[in-house]
Amino acid sequence: MLERALKGGPKYWAWILFLLAVIGAGGGVWIWQLMEGLTLTDMSRDVSWGFYIAQLTYLVGVAASGVMIVLPYYFHHYKKYKHLVIFGEFLAIAACLMCMLFVVVDLGQPQRMLNIVFHPTPNSILFWDMIVLNGYLFLNLIIGWTCLGTDLRNQPHPKWIKGLVYLSIVWAFSIHTVTAFLYQGLPGRHFWLTAILAARFLASAFCAGPAILLLLLQVVKKVTSFDPGWEATKNIARTIAYAMCANVFFFLLEIFTAFYSGIPGHQHTLEFFFVGLDGNTTLVPWMWTFAIGAVVSLALLIPPKLRENKTILPIALIILVIATWIDKGLGLLIGGFTPNPFEGVTSYWPSWQELAISAMVFAIGGLVITVLFKVATSVKQELEVSQKGDVPGPVEEKPSEAAEAA
Amino acid sequence: MKRTRRSFLKFAGATAAAGLCFSPALSIASGSPGHGSGPKVTEGSKHAQRWAMVIDTNKINTKEQILELEKACHVWHNVPHIVDEEGNPTKQELKWIWGGHFHEVFTEKHNNFPAEEIENREYPLLCNHCENPPCVRVCPTKATYQRPDGIVAMDYHRCIGCRYCMAGCPFGARSFNFMDPRPYLHELNKDFPTRTRGVVEKCNFCVDRLAQGLRPACVEKANEIAPGAMFFGDLLQEDSEVRQALREHFTIRRKPSAGTEPGVYYII
């Protein structure tokens, strides 16, 4: 099936070449970082994780989001998602891959990374994160590839795949819970030390991830004849609206706990976010952008009239993606290290080298998404399934469909 | 094919040759140490059930004094001295022992009007060698581990540089080699290994000196500057000098609410 990614127009190849160029340029900077060390980053003794690990955190959410399509389809037999499931799974593959690459580029000694496997340490959450991320990557790869392959041959999905699908649904929740546990179990970091962190992660994942998926599907609709279908789109948008409400609600819970209790340790990071701490206001404009973006996206997503407007919906989704990215891909990590263990503030802002290397990882993810989506849409096109008109029958009816075709 | 002695020998030879090529490659990949890189243990080596330290801040409390301790420790352990053009430490510096103000060290805001003299003191900071060390809990490769005598030690050859321990430590005791440390070493102690870029390091309670029957470098130096300024011994031995110091003085530890049970006590 992979050969389908080799057929494309000049625009497709121009996009691929562009991604390869970014990967090449970013790869050069990464080699430089390998030679010089992480001194090329703005990370420090006090802010010892930065942009890379922040992107890991955000992308774990994107990976976990596919479940918002898979779960209604398999658990509730919501047939309108039938042809979207594969895109959720393929997006998860790319996101998992990017997550792992962001860990690799963050390591001081990447050539030793297999020590995590050689010396397995179950008391370390990072060990479990490695397991759940790899597991989720392979689950989606096996499920997605098998289902697409059998679809192409007009055969029913094999029975064993259902077990894996159910496992992957539970697994999706685990990857984000475990990633939250990376942070929320650390005794010295007040901002992370909160039981609601995992729930916050899941809520933001289930709004930001499907939002990215919907936006990608808009692109797919533009460049191919595949149409995700307006009914399905509307329903995903509804899921996004609910998840974003939960996400904002959880954030407000943090604010209430910190400021009503009056405990300084709980307030410091939030002060750093919105008014600055010890004169450091690096994140203030960003976090206000997040706050305003969150409110605006909710205002556009909650009323059905606005949400179901084909022009407004993409705008609302873009605002939502930006807002959630600032919250999780920027604020969460820097905020966790501010104030530092000495109640001081150490500045951090990603260096251009960090951004270039991150661009490399994003471009690799983009390439994987492009290739996988290309394969998926070309198979769907060959099967002449598009959700424009009637939604094709459920999976259970597949054998008879296949029989008819024969 | 019949297995003759000749073919067996050929196979055995090839396997041995492959092993010779492969095992160094594997050990480079996993960063296993070469021979003889651990601390040398001599006859008079010091042992304890739980090593602990008591610092008398009435005697050690100035920047200059702590700089002396820092020098003694850092020279002994080949800790690089990384400064910017103006000679100030950069935020990517490495330190095993250093000094901090009262509010940096005891962060819970114990008193809004502390005694001036106490507030103005400089306090030595180092790894607390906690009884429940979060850094050991989070390390994904067991590169940071707790010895039976309570010392939280590190295997620099196994560390992958993920810096999870730095996020886990509530005391900011850990440093990362953001760059190759060797060009920043001005005096080299050939009895202690230097580190490579990309690994974390921290105070080791002078485990290497204890193995040779010596007391920690900072303790030795402190008592040189001001006798009785630092005590070091077995916390579980009632007659040890640390227990005696704890019996006789009011002491506090850093961030007790984190539940890590630090092994470094401060006489105020």
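Bear in mind the structure is a predicted one, so any value in this text is a computation, not a measurement. (Residues numbered from 1 in each chain as written. Chains lettered and ligands numbered in written order. Predicted model: local features only at pLDDT ≥ 70, side-chain atom pairs only at ≥ 80, totals over all residues.)

## What about the overall build of chain A?
Applicable threshold: The helix count covers DSSP runs of H or I at least four residues long, the strand count covers runs of E at least two residues long, and both are numbered beginning at the N terminus. Neighbour density around each residue's C-beta defines its exposure: 20 or more other C-beta atoms within 10 Å make it buried, 12 or fewer make it exposed, and counts between make it partly exposed, where C-beta atoms are placed from the backbone. Each residue gets a C-beta atom placed from its backbone, and two residues are in contact if those atoms lie within 7 Å.
Regarding its fold elements, chain A presents 15 helices and 0 strands. Seen along its three principal axes, the alpha-carbon backbone of chain A occupies a region of about 75 × 50 × 40 Å. Residue burial in chain A is summarised as follows: out of 406 residues, 48% are buried. Within chain A, contacts between residues separated by at least 24 positions form 79% of all contacts whose residues are at least 6 apart in sequence.

## Looking at the overall build of chain B
A tally of helices and strands in chain B yields 9 helices and 10 strands. Pairs at least 24 residues apart make up 67% of the contacts formed inside chain B by residues separated by at least 6 positions.

## Topic: the packing of helix H9 (residues 230-261) of chain A against helix H10 (residues 264-274) of chain A
Residues and elements named next belong to chain A. Heads up, the condition is: The angle between two axes is taken between their N-to-C directions and runs from 0 to 180 degrees, where each axis is a line fitted to C-alpha atoms and a helix contributes only its stretch in contact. If an angle is under 35 degrees, it is roughly parallel; if it is over 145, roughly antiparallel; if it lies from 65 to 115, roughly perpendicular; otherwise it is oblique. In this scheme, a crossing is called left-handed if the near helix is turned counterclockwise away from the far one by less than a right angle; it is called right-handed if the turn is clockwise. Ten residue types, Ala, Val, Leu, Ile, Met, Phe, Trp, Tyr, Cys and Pro, are classed as nonpolar, four, Asp, Glu, Lys and Arg, as charged, and the remainder, Gly among them, as polar.
Contact geometry for H9 and H10: axes closest at 8 Å, N-to-C directions at 125°. It follows from the interaxial angle that H9 and H10 lie oblique. Like other packed secondary-structure pairs, H9 and H10 cross with a definite hand, here left-handed. Contacts between H9 and H10 involve Ile-255, Thr-257, Ala-258, Phe-259 and Ser-261 from the first element and His-266, Gln-267 and Leu-270 from the second. Tallied by class, residues from the contact of H9 with H10 come to 4 nonpolar, 4 polar and no charged.

## A closer look at the nonpolar core
Test applied: Joined through C-beta atoms within 7 Å, a set of buried Ala, Val, Leu, Ile, Met, Phe, Trp, Tyr and Cys residues constitutes a nonpolar core.
Residues A:Ala63, A:Met98, A:Cys99 and A:Leu320 are the most contacted members of the largest nonpolar core, which totals 193 residues. It is helix H4 (residues 85-106) of chain A that contributes the most residues to this core, 17 residues altogether.

## Regarding the domain arrangement of chain B
The test is simple: Boundaries of every domain are those given by an automatic assignment or by a domain database.
Split into domains, chain B comes out as domain 1 (1-30) and domain 2 (51-267). One C-alpha centre belongs to domain 1 of chain B, the other to domain 2 of chain B, and the line joining them spans 47 Å.

## Side note on the interface of chain A and chain B
Across the boundary between the two partners, chain A contributes 37 residues, which contact 44 residues of chain B. Among the secondary structure elements, those contributing two or more residues to the side of chain A that touches chain B are helix H5 (115-118) and helix H6 (125-152) of chain A. When grouped by side-chain class, the residues that make up the side of chain A that touches chain B number 15 nonpolar, 16 polar and 6 charged.

## Looking at the environment of A:Asn115
Along the chain, the position of A:Asn115 falls in helix H5. Owing to 25 C-beta atoms within 10 Å, A:Asn115 belongs among the buried residues under this scheme.

## Observations concerning the environment of B:Cys165
Residue and element names in this part refer to chain B. Within the secondary structure, Cys-165 is located in helix H6 (residues 164-168). Exposure remark for Cys-165: the 27 C-beta atoms within 10 Å place this residue in the buried category. Once the C-alpha coordinates of Cys-165 and Cys-139 are considered, the two residues, 26 residues apart in sequence, prove to be 6.0 Å apart. When neighbours within four sequence positions are excluded, Cys-165 is seen to be in contact with Cys-135, Val-138, Cys-139, Thr-144, Arg-174 and Val-200.

## Brief notes about helix H1 (residues 10-36) of chain A
Since the α-helix advances by 3.6 residues per turn, residues separated by three or four positions end up pointing in the same direction. Which entries qualify depends on this criterion: Under the convention used throughout, the expected extent of a helix is 1.5 Å for every residue step, that is, one less than its residue count.
In a regular helix each residue adds 1.5 Å, so 27 residues correspond to 39 Å; H1(A) covers 39 Å between its end C-alpha atoms and thus fits that length. Backbone geometry just after H1(A) places A:Gly37 at a positive phi near 100°.

## Topic: the pairing of strand S1 (residues 51-56) of chain B
Counting buried residues in S1(B) gives 6 out of 6 residues, a clear majority hidden from the surface. Along S1(B), one buried face is formed by B:Trp51, B:Met53 and B:Ile55 and the opposite face, lined by B:Ala52, B:Val54 and B:Asp56, is buried too.

## A short note on the sheet that holds strand S8 (residues 230-234) of chain B
All names here are of chain B. Put simply, the rule reads: Should DSSP find at least two bridges between two strands, the strands are regarded as paired.
One open sheet accounts for 4 strands, arranged S8-S1-S10-S9; its pairing is mixed. The open sheet has two free edges, formed respectively by S8 and strand S9 (251-252), since each of these has just one partner strand. Across 2 bridges, S9 lies against strand S10 (residues 264-267) in antiparallel orientation. Paired with Thr-251 across the two strands is Ile-267, which belongs to S10. Strand contacts of helix H9 (residues 241-248): S1, S8, S9 and S10, with the helix running at about 120° to S8, the strand carrying the most contacts.

## Comments concerning the confidence of the model for chain B
How we decide: The predictor attaches a confidence to each residue, and that confidence, scored 0 to 100, is pLDDT.
When the pLDDT values of chain B are averaged, the result is 89; 89% of them are 70 or greater. Predicted complex, confidence summary: ipTM 0.89, pTM 0.89.

## Describing unusual backbone geometry
Residue and element names in this part refer to chain A. A cis geometry characterises the amide bond from Thr-338 onward to Pro-339, with omega recorded as 0°. Relative to the assigned elements, Pro-339 resides in the loop between helix H13 (312-336) and helix H14 (352-382). A positive phi angle, near 50°, is found at His-77, a position not held by glycine.

## Notes on the packing of helix H2 (residues 51-65) of chain A against H4(A)
Residue and element names in this part refer to chain A. Interaxial distance between H2 and H4 falls to 8 Å at its minimum, and their mutual angle equals 165°. When the interaxial angle is binned, H2 and H4 end up roughly antiparallel. Remark: the crossing between H2 and H4 carries left-handed chirality. Here H2 contributes Tyr-52, Ile-53, Gln-55, Leu-56, Leu-59, Val-60, Val-62 and Ala-63 to the contact with H4, which in turn contributes Leu-91, Ala-92, Ala-95, Cys-96, Met-98, Cys-99, Phe-102, Val-103, Val-105 and Asp-106. Looking at the contact of H2 with H4 residue by residue, the classes come out as 16 nonpolar, 1 polar and 1 charged.

## Some details on the environment of B:Tyr156
All names here are of chain B. Looking at where Tyr-156 falls in the secondary structure, it is placed in the loop between strand S5 (152-154) and H6. Given 18 C-beta atoms within 10 Å, Tyr-156 falls into the partly exposed group. Once the C-alpha coordinates of Tyr-156 and Gly-198 are considered, the two residues, 42 residues apart in sequence, prove to be 9.7 Å apart. Look past the residues within four positions of Tyr-156 in its chain and what remains in contact with it is Arg-195, Val-199 and Glu-201.

## Describing H10(A)
All names here are of chain A. Turning to H10, its buried residues are His-268, Thr-269, Leu-270, Phe-272 and Phe-273. On the buried face of H10, the contacting elements are H9, helix H11 (284-301) and H13. One or two positions beyond H10, positive phi appears at Gly-276, with a value near 95°.

## Considerations on the confidence of the model for chain A
Here chain A averages 91 in pLDDT, and 95% of its residues register 70 or above. Here residues 387-406 of chain A scores under 50 on pLDDT; set against residues more than four positions off or in separate chains, the count is 22 contacts.

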